[in-house]
Amino acid sequence: MLISGAEAIVRSLKREGVKVIFGIPGGAVLPLYDALYDSDIRHILGRHEQCVAHMADGYARASGKPGVCIATSGPGATNLVTGLATAYMDSSPVVALTGQVARHMIGRDAFQEADIIGIVTPITKYCFQITSAKEIPKVFKTAFIIASTRRPGPVLIDIPVDVQREQAEIVFTDELDTKGYDPNPPRVDIDKVKKAAEVLAEAERPLILSGGGVISSGAHVELLTLAEMLSAPVVTSLMGKGSIPEDHPLCLGMIGMHGKAYANYAVVECDVLLAIGTRFADRTTGKFDEFAKGAYKIHVDIDLAEINKNVRVDLPIVGDAKEVLRLLIKELKKRKSKSRDAWLNRIKELRSAFEQGVEEQQTALKPSSVIKLLNKLLEPGKSIVTTGVGQNQMWSALHYLARAPRSFITSGGLGTMGFGFPAALGAKVACPDKVVVDIDGDGSFLMTEQDLATSVTEGIPVIVVILNNSSLGMVRQWQHLMYKRRFIAIDLRGVPDFVKLAQAYGAEGVRPGSLEELEKALKEAMKCEVTTVIDVNISPEERVFPMVLPGRALHEVLASEPKS
Amino acid sequence: MSQKAEPRILVMIVEDKPGVLYKVSSIIRRRGINIDAISVATTTEPGISKMTFLVNTDEATIEQLTRQIEKVPTVISVGSSPLRNLYSKELALVKVNVSKPGEREALHTLVAKFNARIIEEKAFTLTIEVVGSPEEVSAFINEVKVIAEIVDLSRSGPIALSR
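Residues numbered from 1 in each chain as written. Chains lettered and ligands numbered in written order. Predicted model: local features only at pLDDT ≥ 70, side-chain atom pairs only at ≥ 80, totals over all residues. Heavy atoms only, no water.

Draft legend 1. Quick peek at the overall build of chain A. Looking only at helices and strands, one finds 23 helices and 20 strands in chain A. Here chain A has a C-alpha radius of gyration of 24 Å; the compact-globule value for 564 residues is 24 Å, and the two agree. Over its C-alpha atoms, taken along the principal directions, chain A stretches across nearly 75 × 60 × 40 Å. Per-residue burial for chain A yields a buried fraction of 59% across its 564 residues. Considering only contacts within chain A whose residues lie at least 6 apart along the sequence, 75% involve residues at least 24 apart. Carbon and sulfur atoms make up 51% of the accessible area of chain A, which totals about 21,900 Å². Positive and negative side-chain charges in chain A, numbering 65 and 67 respectively, have mean positions lying 4 Å apart. (Helix = DSSP H or I, 4+ residues; strand = E, 2+ residues; numbered from the N terminus. Rg over C-alpha atoms; globule rule 2.2 N^0.38 Å. Buried < 20%, exposed > 50% of the residue type's maximum accessible area, 1.4 Å probe, protein only. Contact = heavy atoms within 4.5 Å. Areas by Shrake-Rupley, 256 points an atom, 1.4 Å probe, with all protein chains shown as cover. Lys, Arg positive; Asp, Glu negative; His and termini not counted. Charge placed at Lys NZ, Arg CZ, Asp CG, Glu CD.)

Draft legend 2. Inspection of the interface of chain B and chain A at higher detail. Residue-level contacts link 17 residues of chain B with 20 residues of chain A. The contact between chain B and chain A buries some 1,600 Å² in all, and 50% of this surface belongs to carbon and sulfur atoms. Considering only the side of chain B, the residues that lose the most area to chain A are B:Lys23, B:Arg67 and B:Pro73, jointly responsible for 36% of the buried surface there. The interface formed by chain B and chain A contains two salt bridges. (Buried area = accessible area lost by both parts, 1.4 Å probe. Salt bridge = Lys/Arg side-chain N within 4 Å of Asp/Glu carboxyl O.)

Draft legend 3. Examining the sheet that holds strand 10 (residues 234-236) of chain A more closely. Residues and elements named next belong to chain A. Ordered in space as 11-10-9-12-13-14, the six strands form an open sheet in which the pairing is parallel. One side of each edge strand has no neighbouring strand; the edge strands of this open sheet are strand 11 (251-254) and strand 14 (315-318). Averaged over all neighbouring strand pairs, the angle between strand axes comes to 15°, with direction disregarded. Note that strand 10 and strand 11 share three bridges and pair parallel. Residue valine 235 lies in a different strand from strand 11, and its bridge partner there is glycine 253. (Pairing = 2+ DSSP bridges. Axes fitted to C-alpha atoms, helices over the stretch in contact; angles between N-to-C directions.)

Draft legend 4. Focus on helix 15 (residues 341-355) of chain A. Helix length check: helix 15 of chain A, at 15 residues, gives a terminal C-alpha distance of 21 Å against a target of 21 Å (1.5 Å per residue), a fit within 8%. As for helix 15 of chain A, its buried residues are in contact with strand 9 (206-210), strand 11 and helix 12 (261-269) of chain A. (Expected span 1.5 Å × (residues − 1).)

Draft legend 5. Focus on the sheet that holds strand 7 (residues 155-160) of chain A. Residues and elements named next belong to chain A. Strand order across the open sheet formed by six strands is 3-2-4-5-7-6, with parallel pairing between neighbours. Looking at strand neighbours, the two that pair on one side only are strand 3 (42-45) and strand 6 (126-129), the edges of this open sheet. Neighbour to neighbour, the strand axes of the sheet diverge by 20° on average, direction disregarded.

Draft legend 6. Inspection of the nonpolar core at higher detail. Residue and element names in this part refer to chain A. Counting residues in hydrophobic clusters, the biggest one holds 48 residues, and the most contacted among them are Phe22, Cys69, Leu80, Leu84, Leu156, Phe445 and Val533. Ranked by residues supplied to this core, first place goes to helix 3 (residues 49-63) with seven residues. Apart from the residues within four sequence positions on either side, leucine 156 is in contact with Leu84, Ala96, Thr98, Ile116, Ile117, Val120, Thr124, Tyr126, Cys127 and Phe128. Counting 36 residues, the second largest nonpolar core, distinct from the first, contains Leu13, Leu36, Ile41 and Phe128. (Core = buried A, V, L, I, M, F, W, Y, C linked by side-chain atoms within 4.5 Å.)

Draft legend 7. Just the side chain of A:Thr121, in detail. Looking at the element boundaries, A:Thr121 is found in the loop between helix 6 (116-120) and strand 6. At a separation of 2.5 Å, a polar atom in the side chain of A:Thr121 contacts the main-chain carbonyl oxygen of A:Ile117. Every residue in contact with A:Thr121, bar those within four places of it in the chain, is listed here: A:Cys127, B:Tyr22, B:Lys23 and B:Ser26. (Polar contact = N/O pair within 3.5 Å; in protein donor to acceptor, adjacent residues only side chain to side chain.)

Draft legend 8. Inspection of unusual backbone geometry at higher detail. Residues and elements named next belong to chain A. Residue proline 496 is bonded to the preceding valine 495 through a cis peptide linkage, with omega at 0°. Structurally, the position occupied by proline 496 is in the loop between helix 21 (473-482) and helix 22 (498-504). Going from phenylalanine 545 to proline 546, the amide bond is cis rather than trans, its omega being 5°. Looking at where proline 546 falls in the secondary structure, it is placed in the segment after strand 20 (532-537). Its identity is not glycine, yet serine 231 carries a phi of approximately 50°, on the positive side. By secondary structure assignment, the location of serine 231 is in the loop between helix 11 (220-230) and strand 10. Its identity as a non-glycine residue notwithstanding, asparagine 308 has a phi of 60°, on the positive side.

Draft legend 9. Quick look at the pattern of salt bridges. Applying the stated criterion across every chain, the model contains 43 salt bridges over all chains. Residue A:Lys338 pairs with A:Glu204 through a salt bridge whose shortest N-O separation is 3.1 Å. Here A:Glu204 lies in the loop between helix 9 (190-202) and strand 9 and A:Lys338 lies in the loop between helix 14 (321-333) and helix 15, a separation of 134 residues in the sequence. By relative accessible area, A:Glu204 is classed as partly exposed at 41%. With its nearest N and O atoms 3.4 Å apart, the salt bridge here joins A:Glu519 to A:Lys376. Remark: A:Lys376 occurs in helix 16 (residues 367-377) and A:Glu519 occurs in helix 23 (residues 515-527); sequence separation between them is 143 residues. For A:Glu519, a relative accessible area of 19% puts it in the buried group. Residue class for A:Lys376 comes out exposed when judged on its relative accessible area of 57%. Residues joined in a network through salt bridges with shared partners are A:Arg151, A:Asp303, A:Glu306, A:Lys309 and B:Lys71.

These values are about where atoms sit, not about what they do.
This is how it looks when you write it as structure tokens:
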């Protein structure tokens with residue numbers, strides 16, 4: 001039977017179990033939209049293509065399943081770029097479909113033509129341009145496999161409009177359209193696991209560094225088992241937040257530029273570091289050569305290309321985190337681990353030394369008190385927090401206790417301002433029964449606020465808590481600390497009025513004047529059927545500490561504001 | 001690990017599809033490495049090509065490049081080696097002006113010395129084909145320059161096989 005390319009696309013999406021698509025139509029995807037008319041796939045109309053990409057990304061990170069977005073050719077496709085680069089840096093499985101001008105028009109600078117394959121090749125795991133409707137089933141199968149297996153990542157499929165219209169005899173298949181990609185995780189070298197078990201059992205001061213790979217491989221249970229077995233404290237990268245319940249006594253929280261000072265010191269003092277599913281990003285490690293300098297370093301990662309890329313390690317184990325951890329636990333059961341009492345006491349000492357003085361008055365509307373209130377109100381396993389980028393993100397990373405995997409969603413690698421809100425919408429679509437809160441900044445939220453329209457019209461209620469300091473706060477902080485307080489181009493002047501802005505979209509807007517009012521507003525927002533924007537005014541003089549200045553090592557951490 | 005930059009060959013077996021060369025060369029470009037020569041050709045297997053790149057870089061960088069390239073779904077396999085450890089050959093076509101007395105004879109002598117071949121001889125030009133290691137081809141070209149004026153030159157870039 002002859003069917004159209006567009007119909008073949010919809011059937012392929014159904015075969016992959018796609019239930020929802022985020023998109024914006026345009027000339028070059030109209031045949032595809034016409035085919036969606038007859039399908040039961042939910043389409044969520046965004047207001048900017050960057051947002052539909054972030055929504056698909058938020059959906060993917062919250063659910064673990066690929067998120068799908070659609071944009072038309074030319075500007076629609078180029079607007080996806082920031083979203084795809086964000087997903088690429090944080091290894092998130094997004095499948096983007098773009099329309100393209102008709103085949104005979106490609107290369108003629110046709111209306112709304114852009115060489116999107118040329119543009120996204122370096123920021124996608126892979127991309128396809130379909131040249132005949134017959135290829136559709138194979139390409140879609142391959143795209144979803146590539147996006148979601150091994151180290152996940154975004155894949156783009158570019159489909160000329162005449163291919164969508166083309167009638168063809170189309171055979172659906174599970175065959176892959178690639179010879180050079182093995183979807184199975186690499187085979188784990190068991191000798192290396194044995195060696196790792198031996199080193200870890202003998203370690204005096206073992207430390208586990210857990211990254212986003214632990215979450216994407218679903219290895220959080222194994223991670224906790226291993227940590228408890230070894231009595232080894234666990235630190236995380238930003239992407240690793242939620243891989244271990246952050247209220248667990250062995251969890252020290254995040255390390256890095258704005259990590260907890262005692263977590264950073266644990267890295268400095270450990271003798272064996274087991275890093276799992278982390279790419280040793282510069283924001284995590286500080287100066288590469290100084291990172292855990294004296295420690296024997298074991299690195300577990302599914303991506304061979306991450307081994308020795310930034311930090312040289314003693315024992316690399318390439319494989320899926322969950323599988324490696326299972327094998328490691330099995331090996332460690334055969335061995336007797338050393339007592340870690342002295343090490344755990346030392347950790348306790350570090351923790352209390354740095355926590356003193358950090359404890360502040362918790363009644364004023366300060367970033368830390370706002371986020372600690374969220375810790376109290378949000379139930380573990382029933383809530384998701386997303387963030388913008390900048391101070392709001394780092395305060396969230398420092399103070400928010402992620403107690404379940406996939407409950408803390410943030411743009412770690414690319415640091416994309418404007419990510420938090422659309423990602424929250426995507427997460428809410430994936431998990432409609434959870435409370436989804438975007439902790440944002442005024443600058444960050446302003447970059448994607450127009451999708452309040454999406455949230456209201458598509459019925460996706462989330463809560464946006466704006467830590468509003470009327471400035472580009474992190475830039476201000478850097479100018480304060482490193483550019484002699486010569487503040488330039490950071491003053492946002494309290495524009496717009498976010499309460500009125502929310503109301504203009506048909507959302508709720510509140511501006512609480514105290515912590516009690518905030519608590520009341522949050523409780524109401526949790527019950528509210530539309531999105532609530534809570535505008536929390538904070539001082540522009542609030543800075544994020546601890547901080548490791550750029551290019552410095554973790555032991556050079558400034559625990560609090562330097563005296564000037 | 002040797003931190004010394006030296007000429008190295010990257011060889012990959014790839015699917016014969018548009019965009020493979022672009023993806024691989026963009027991985028190399030991103031690290032600021034210049035590609036000194038490329039050759040791409042089909043293999044005995046239909047749909048499969050072999051690409052040979054010549055780059056000048058150190059061992060750690062080439063290892064990182066190799067691993068990144070290996071991840072490309074259309075790349076079936078990739079390997080690298082310092083040029084000196086391989087059998088490598090290059091072909092050059094050299095067109096030379098011969099106007100002064102004695103030049104033609106000198107070139108004939110040089111061609112014999114390098115086992116090269118004259119593929120076209122005209123009243124005022126000679127076109128020579130030379131095959132050899134990249135160093136031999138360079139040496140030949142340098143000696144030709146001493147004798148006469150080169151008007152056109154085309155080098156294939158090296159292809160390589162393991163020893």
